[in-house]
Amino acid sequence: MAALTQLPTELLLQICYIVSSNYHSTGQADLSRLSRTCRRLLSLVQPLVFTVLSRNEIPRATQIKLLRTLHSRPDLALHLQYLSISSPYLTSYEPDLVPSDMTYIANLFTSLNLSLPSQIANLTPESLLSSPTARLFLIELILLHTPNLTHLHLPFNTEWELPILSRLAKQKPVGSNLLPKLRHLHISHYYISGDRFDVPFHEIISLCAMAQGVEELWTYNPGSDFGLGSGNEGGGVVYPLRKLKRLEFDDVCGVNEELLYNMVESAPELEVFGLVWNPAGDTYNWSGEGTVADVWKALGLRRETLREVRLDVLRSDDDLEVGRLGWWSLEGFVKLEVLKMGEFALDVLREAWRERRRFLGFQGVDDGGFVRGLLPRRIKEVTLWEPDGALVGGMKALAEAVRQGEYPDLKQVVVAPPDLMSDRWYDGWAGESEWSRASAHLRKAFARSGVVFEVQTERVYGVLGPSWERCPPKYLGQPAWGNEQQGH
């Protein structure tokens, strides 16, 4: 060890990064062991151990140890930037808290000038394991000790609550400064047999209210409880999302159209939007009287900021109307560079185009003019999921428009089956044969302008969740590390 400890600090840090560089290795545990070998390595390595904490499961016995450490060592708490938990407790129903832990928690509330929530105060260690209200309460206390946290992934169940954070979020100005550096928030779903397929929206918004600077929000299907917000002059609800740049909905989502509209309206800097919308399917969350057009109406609020849109809609002919839209072209989306949309999302715009032509007295269908005028001028990448064969002619017109210089930045056009969807919703692609027959001609037509055109016939499943969740980001200034049980 004498030779190792005599190395310059920069080389020792590089060695630590290499030790922990494999996300699926035992790098974090190795760092912890290394920090216990001598005093110099303790002071150097221990902060690295606490920078990124990523686990599939953290039993409460481990949570309480982490809480005690962060509370007693605020210098280490300052280093915690990345916290990812897939499950807040082990599946075992053996109690993992003891009465002395409850005494410590009560004393901690006193030291933090907080009152113990009634939902928790009368619970025994055994009952905490089965109480939905208290399922995340230790995680809440841990979050109160993470002032430099930038990335957070929490699982949620439809019955789970954040009694501590929800109350603090409403206390201004204290509530808005509890997680001042949180920028990336991922809320996943922890399913328990028989539950609804949604997460409590008011708890998500409570976390956002505590941060005020969240730029990226990935969330599972938000329940229509609407939650924390304030009214605006138009009678809607304003949520604390003013810094939000990315809004992604995990899996197949049944978000209420009014809630969606208010979320987009509350995010004036929104740049990236992703949604696979299933308004009436297996979400146990009927979206109301919404139509497919309601999603485009919400996105229309952010014409001047959106750079990427991914929108697919699941519906059958009898469960959801296309709806009416007062505009059809995306030309007003002046910064849009990446567009991926499914059959029914496209149908809304095409129907608006046809209605406009009828109003102007034109006869017949001109899908060539529709496709050619659909896209904004700065578009770089276009993907159409399951387009019908009638649009092949329109795609040829688009290729000609590109040749004439109308879309100078366009690099790629893809026609494909849908992604991010389970097989039970996919019963074939009606227009596949028409697109396959035309693919060679279209490929050559686009190639004249340097654009790659492709017709995919095999399903390519998208990966759910943010990229930083699958591998902790190196841009934290630290390597990607975790344990071998990590599931992403």
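Here goes a summary of the coordinates provided. Not measured: the values here are computed from a predicted model.

Now for the overall build of the chain. When you go through the chain residue by residue, the secondary structure sums to 19 helices and 14 strands. Within the chain, the proportion of its 488 residues that are buried is 54%. Restricting the contact set of the chain to residue pairs at least 6 apart, pairs at least 24 apart contribute 79%. Within the structure as shown, the chain displays about 21200 Å² of accessible surface, and the carbon and sulfur contribution to it stands at 51%.

Once that is clear, we can look at the pattern of salt bridges. When their charged atoms lie close together, side chains carrying opposite charge are able to pair. For the coordinates displayed, the defined rule picks out 19 salt bridges. In this structure, arginine 183 and glutamate 215 form a salt bridge, with 3.9 Å as the shortest nitrogen-oxygen distance. Of this pair, arginine 183 sits in the loop between α11 (163-169) and β4 (184-189) while glutamate 215 sits in the loop between α12 (201-211) and β5 (216-219), placing them 32 residues apart in sequence. Residue classification places arginine 183 among the partly exposed positions, given a relative accessible area of 26%. Classification of glutamate 215 as partly exposed rests on a relative accessible area of 29%. The partner of aspartate 388 in a salt bridge is arginine 350, with the nearest N and O atoms 2.4 Å apart. Here arginine 350 lies in helix α15 (residues 343-359) and aspartate 388 lies in the loop between β12 (381-385) and α17 (392-403), a separation of 38 residues in the sequence.

What follows is about the pairing of strand β8 (residues 246-253). Counting buried positions along β8 yields six of eight residues, so the element is predominantly enclosed. Of the strand pairs in this sheet, β5 and β8 are connected by four bridges, and their pairing is parallel. Paired with leucine 217 across the bridge in β8 is leucine 247. Two elements, β8 and strand β9 (residues 272-277), share five bridges in a ladder whose sense is parallel.

Enumeration over the complete set of coordinates arrives at eight aromatic pairs. Taking 6.0 Å as the distance between ring centres and 45° as the angle between the ring planes, the aromatic pair formed by tryptophan 328 and phenylalanine 370 counts as tilted. In this pair, tryptophan 328 is assigned in the loop between β10 (308-313) and β11 (338-342) and phenylalanine 370 in helix α16 (residues 367-374), connecting sequence segments 42 residues apart. Judged by its relative accessible area of 13%, tryptophan 328 falls in the buried class.

Now for the sheet that holds β10. The parallel open sheet is built from twelve strands, whose spatial order is β1-β2-β3-β4-β5-β8-β9-β10-β11-β12-β13-β14. A single partner strand is all that each edge strand has here, and the edge strands are β1 (52-57) and β14 (452-455). Sheet twist, expressed as the mean angle between neighbouring strand axes with direction ignored, is 10°. Packed onto the sheet, helix α18 (residues 432-447) meets β13 (412-416) and β14 and runs at close to 175° relative to β14.

Looking now at the side chain of threonine 146. Relative to the assigned elements, threonine 146 resides in the loop between α10 (137-143) and β3 (151-156). Reaching out from threonine 146, the side chain makes a polar contact with the backbone oxygen of leucine 143 at a distance of 2.8 Å. With sequence-adjacent residues up to four places away left out, threonine 146 is seen in contact with Leu70, Ala77, Leu80 and Leu179.

Bringing a nonpolar patch on the surface into the picture now. Residues Phe359, Leu360 and Phe362 make up a contiguous nonpolar surface patch of about 380 Å² in total accessible area. Note that phenylalanine 359 resides in helix α15.

Note on placement: glutamine 456 falls in the loop between β14 and α19 (467-470). Here glutamine 456 falls in the partly exposed class, since its relative accessible area comes to 24%. If we skip the residues at most four places from it in the chain, glutamine 456 touches Val414, Val415, Ala416, Pro417 and Trp429.

The rules we used
- Residues numbered from 1 in each chain as written.
- Predicted model: local features only at pLDDT ≥ 70, side-chain atom pairs only at ≥ 80, totals over all residues.
- Heavy atoms only, no water.
- Helix = DSSP H or I, 4+ residues; strand = E, 2+ residues; numbered from the N terminus.
- Buried < 20%, exposed > 50% of the residue type's maximum accessible area, 1.4 Å probe, protein only.
- Contact = heavy atoms within 4.5 Å.
- Areas by Shrake-Rupley, 256 points an atom, 1.4 Å probe, with all protein chains shown as cover.
- Salt bridge = Lys/Arg side-chain N within 4 Å of Asp/Glu carboxyl O.
- Pairing = 2+ DSSP bridges.
- Phe/Tyr/Trp six-rings, centres within 6.5 Å; stacked < 30°, edge-to-face > 60°.
- Axes fitted to C-alpha atoms, helices over the stretch in contact; angles between N-to-C directions.
- Polar contact = N/O pair within 3.5 Å; in protein donor to acceptor, adjacent residues only side chain to side chain.
- Patch = residues over 30% accessible without salt bridge, like charges linked within 9 Å, V, L, I, M, F, W, Y side chains within 5 Å.

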